[in-house]
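Topology and contacts: notes
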Amino acid sequence: MDISGFLRRAAAAAGVACSIAYASAGAAQSASPSPAHFRAIKVDVEPLARSVGDPTATWMAQALPGRLQAAFANRLAPGDRSAPILVVRIDSVFLGESGNGIGDATGADRARDNIVGAALVVAPNGRAVATYPVFNVLYNYTGGSNYEVGTEQRRIGELAASVAYWLPGQMGH
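For the structure given in this document, a descriptive report is provided here. (Residues numbered from 1 in each chain as written. Predicted model: local features only at pLDDT ≥ 70, side-chain atom pairs only at ≥ 80, totals over all residues. Heavy atoms only, no water.)

**Quick look at the nonpolar core**
With 27 residues, the main nonpolar core has Met 60 and Leu 86 as its most contacted residues. Elements with a contribution of two residues or more to this core: helix H3 (56-71), strand S2 (85-95), strand S3 (112-122), strand S4 (128-139) and helix H4 (152-170). Ranked by residue count, the leading element in this core is H4, at 6 residues. The contact partners of Met 60, leaving out residues within four places of it in the chain, are Val 45, Leu 48, Pro 65, Ile 90, Val 93, Ile 115, Ile 156, Leu 159 and Ala 160. (Core = buried A, V, L, I, M, F, W, Y, C linked by side-chain atoms within 4.5 Å. Buried < 20%, exposed > 50% of the residue type's maximum accessible area, 1.4 Å probe, protein only. Helix = DSSP H or I, 4+ residues; strand = E, 2+ residues; numbered from the N terminus. Contact = heavy atoms within 4.5 Å.)

Right under this line is the structure:
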């Protein structure tokens, strides 16, 4: 038995379980429905920078803001000082092994990338009035079971796009 492979799978499963528990707890913290519009959208990748560092945090900081701006374009009111700010915090990103979508001997498909964080609606007084968990998983099929070199930045961009696509619906927009 390959113990290192077993430990990697166990750690990944524990991480997913913790992320789901975190997301469930965060869903209960949503204090009120999302407002109709936002004064601004900000992206916070500091937790990501502390957990995995660069270049991952830089890539996310480059990829996510534009996608969020596009997703919420009809909800932005930059001149409205009474409108809240949407802060999207990215806590962690995990890039799984590249793969072809076929399970290994245990039936596991390790070709999964995931992103964990939270979207906070921050009132003009600086108080968070609602929190929405961010947890998305994408399959990463790179055309074969051998690791495809140089795909990390593209995969970070795909995770950013998935958050921007998914978040408005999660917030009831």
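Back to the text.
**Details of the sheet that holds strand S1 (residues 40-44)**
The 4 strands are arranged S1-S2-S3-S4 in an open sheet whose pairing can be described as mixed. At either margin of the open sheet sits one strand with a lone partner, and together these are S1 and S4. Each strand axis lies, on average, 20 degrees off the axis of its neighbour in the sheet, ignoring direction. Two strands pair when backbone bridges link them, and S3 and S4 are joined in this way by 11 bridges, in the antiparallel orientation. Paired with Ile 115 across the two strands is Asn 136, which belongs to S4. Along the sheet, H3 contacts S1, S2 and S3; its crossing angle with S2, the most-contacted strand, is approximately 135 degrees. (Pairing = 2+ DSSP bridges. Axes fitted to C-alpha atoms, helices over the stretch in contact; angles between N-to-C directions.)

**Focus on the environment of Leu 159**
Looking at the secondary structure, you find Leu 159 in helix H4. Leu 159 sits in the buried class, given a relative accessible area of 0%. When near neighbours in sequence (up to four residues on either side) are disregarded, Leu 159 contacts Met 60, Val 93, Leu 95, Asp 113, Asn 114, Ile 115, Asn 136 and Leu 138.

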